[in-house]
Amino acid sequence: MKRLIVLVALSFLGCKTQDVKPTESYSEQADSYVSFLASDKLEGRDSGSEGIHQAASYIEDHFRELKVKPFFETYRDSFKIREIDAYNVVGWLEGNHPELKKEVILIGAHYDHIGLRTKPIAGDSIGNGANDNATGTAGVMLLADYFAITKTNKRSLVFALFSGEEMGLRGSKHLSSRLKAQNMDLYTMINFEMIGVPLNDRDYAAFVSGYDLSNLADKMNEYAGKKLIGRSDVAVQYELFKRSDNYPFYLEFKVPCQTISSCDLSNYDFYHHVDDESNKQDYNHLSELIKSIAPVIETMSQTDSKEIQLKNE
Ligand SMILES: [Zn+2]
């Protein structure tokens, strides 16, 4: 809200929104998004719970404020997990180029977590899910902030927050098959997972899963003008490529669909733990990462051709 007031005030003062660097207060914003999503009040955002319902409303309000439009009739893409009613939250910003806007870059993250289904410690039984994956969710919200202000994307951008990830990638499976059935021209899918803490002893800020599958990392580093994205041996060893919401999109569309993360469990002790709390996150790291990735996705949305490709198997 504070941000929006600043922007409205500035527009009254005749300042163009372009004058305001959209990434100015990203660290504060990231902190406020994660602190709400991972608060005890939301009880760990288990699929079908009251807590995840509040999380969804929070994200929808954010999209509405930014004028990020619902992709479907509403922001909610509903589906069932056994008897549980679950839903993804999906918004989009149409591209500003007459042809390229028909192509889509999907930016995603799961917003669910394991709720109270974790080992209680010292009377605390809430799996708050700050790093996993309120940070990824915050990353998607910050990118929506960026493009809602700059409006520089020539290709269309879809922002998707998935439910049911902790129950077997259920939300991304549902949405990917629905979009495939609609013949979406998906260029690439970029998923964010656990970006709350920095990697140690690496010459890159985050890794991409399925590194060897496409030229995504090379192109991102080329667009960034620095080594931003690298290859994690742990990610390869544990096939993280198949363990997050990028995978159902890869299976449906057979285009580069990969996850960006700065946590390969070598640098975080609170995975699926009651202490995965918002005060354990490094918001300077998170915001610096998103500040570097925003202009990279901007370039991805503007290239004349689809430069990011799968490598021949
Ligand atoms: Zn996760």
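Not measured: the values here are computed from a predicted model. (Residues numbered from 1 in each chain as written. Predicted model: local features only at pLDDT ≥ 70, side-chain atom pairs only at ≥ 80, totals over all residues. Heavy atoms only, no water.)

Looking at unusual backbone geometry
- Omega for the peptide link from Asp 132 to Asn 133 comes to 5 degrees, which places this bond in the cis form.
- Along the chain, Asn 133 turns up in helix H4 (residues 130-150).
- Unlike most non-glycine residues, Met 194 shows phi in positive territory, near 50 degrees.
- Note on placement: Met 194 falls in the loop between strand S6 (185-192) and strand S7 (206-208).
- Classification of Met 194 as buried rests on a relative accessible area of 8%.
- Unlike most non-glycine residues, Lys 254 shows phi in positive territory, near 50 degrees.
- Checked against the element boundaries, Lys 254 lands in the loop between helix H8 (246-253) and strand S9 (257-261). (Helix = DSSP H or I, 4+ residues; strand = E, 2+ residues; numbered from the N terminus. Buried < 20%, exposed > 50% of the residue type's maximum accessible area, 1.4 Å probe, protein only.)

Concerning the packing of aromatic side chains
- The tally for this structure, following the rule as stated, stands at 11 aromatic pairs.
- Aromatic pair Phe 71 and Phe 72: ring centres 5.0 Å apart, planes at 85 degrees, arrangement edge-to-face.
- Relative accessible area serves as the criterion here: at 12%, Phe 72 is assigned to the buried category.
- Centre to centre, the rings of Phe 71 and Trp 92 are 5.7 Å apart; their planes meet at 85 degrees, and the pair counts as edge-to-face. Taken together, the positions of Phe 71 in the loop between strand S1 (69-70) and strand S2 (76-81) and Trp 92 in strand S3 (residues 84-93) put the pair 21 residues apart, joining distant regions of the chain.
- Ring pairs connect the aromatic residues Phe 63, Tyr 75 and Phe 159, which therefore count as one cluster.
- We note Arg 178 situated over the ring of Phe 72; from NZ or CZ to the ring centre the distance is 3.6 Å.
- Stacked on the ring of Phe 270, the Lys or Arg Lys 280 has its end atom at 5.0 Å from the ring centre. (Phe/Tyr/Trp six-rings, centres within 6.5 Å; stacked < 30°, edge-to-face > 60°. Lys NZ or Arg CZ within 6 Å of the ring centre and 35° of its normal.)

Points about H8
- Here H8 lies mainly inside the structure; 6 of its 8 residues are buried.
- Within H8, the full set of buried residues consists of Asn 246, Tyr 247, Pro 248, Phe 249, Tyr 250 and Phe 253.
- Of the surrounding secondary structure, the elements contacted by the buried residues of H8 are strand S4 (103-110), strand S5 (156-162), helix H5 (170-181), S6 and S9.
- Phi turns positive one or two residues past the end of H8, at Lys 254, with a value near 50 degrees. (Contact = heavy atoms within 4.5 Å.)

Overview of the nonpolar core
- Core analysis: the biggest nonpolar cluster contains 59 residues, and Phe 159 and Phe 192 have the highest contact counts within it.
- The contact partners of Phe 159, leaving out residues within four places of it in the chain, are Phe 63, Val 68, Val 89, Val 90, Gly 91, Trp 92, Leu 93, Ile 107, Val 140, Leu 143 and Ala 144.
- If you look at the next biggest cluster of nonpolar residues, it comprises 21 residues, including Phe 71, Met 189, Tyr 247 and Tyr 250. (Core = buried A, V, L, I, M, F, W, Y, C linked by side-chain atoms within 4.5 Å.)

Focus: the side chain of Gln 258
- Its place among the elements puts Gln 258 in strand S9.
- Residue Gln 258 is classed as buried on the basis of its relative accessible area of 0%.
- When near neighbours in sequence (up to four residues on either side) are disregarded, Gln 258 contacts Met 189, Ile 190, Asn 191, Val 208, Ser 209, Gly 210, Tyr 211, Ser 214, Leu 216, Phe 241 and Asn 246.

Notes on the packing of helix H2 (residues 26-37) against helix H3 (residues 50-66)
- One can describe the packing of H2 onto H3 by two numbers: an axis separation of 10 Å at closest approach and a directional angle of 155 degrees. Here H3 runs roughly antiparallel to H2, going by the angle between their axes. Seen from H2, the contacting residues are Ser 32, Tyr 33, Phe 36 and Leu 37; seen from H3, they are Gln 54, Ala 55, Tyr 58 and His 62.
- The residue makeup of the contact of H2 with H3, split by class, is 5 nonpolar, 3 polar and no charged. (Axes fitted to C-alpha atoms, helices over the stretch in contact; angles between N-to-C directions. Parallel < 35°, antiparallel > 145°, perpendicular 65-115°, else oblique. Nonpolar A, V, L, I, M, F, W, Y, C, P; charged D, E, K, R; others polar.)

A short note on helix H9 (residues 283-300)
- Taking 1.5 Å as the rise per residue, H9 with 18 residues should run 26 Å; its terminal C-alpha atoms sit 25 Å apart, in good agreement.
- Of all 18 residues that make up H9, 13 are buried, and the element is covered over most of its length. (Expected span 1.5 Å × (residues − 1).)

A closer look at the pattern of salt bridges
- Scanning the model with the defined rule gives 19 salt bridges in all.
- For Asp 46, the salt bridge is made with Arg 117, and the minimal N-O distance between the two is 2.8 Å. One end of the pair, Asp 46, is in the loop between H2 and H3; the other, Arg 117, is in the loop between S4 and H4, and 71 residues separate them in sequence.
- Residues joined by salt bridges that share partners form a network here, namely Lys 69, Glu 94 and Lys 101. (Salt bridge = Lys/Arg side-chain N within 4 Å of Asp/Glu carboxyl O.)

By themselves, these figures tell us nothing about what the structure is for.
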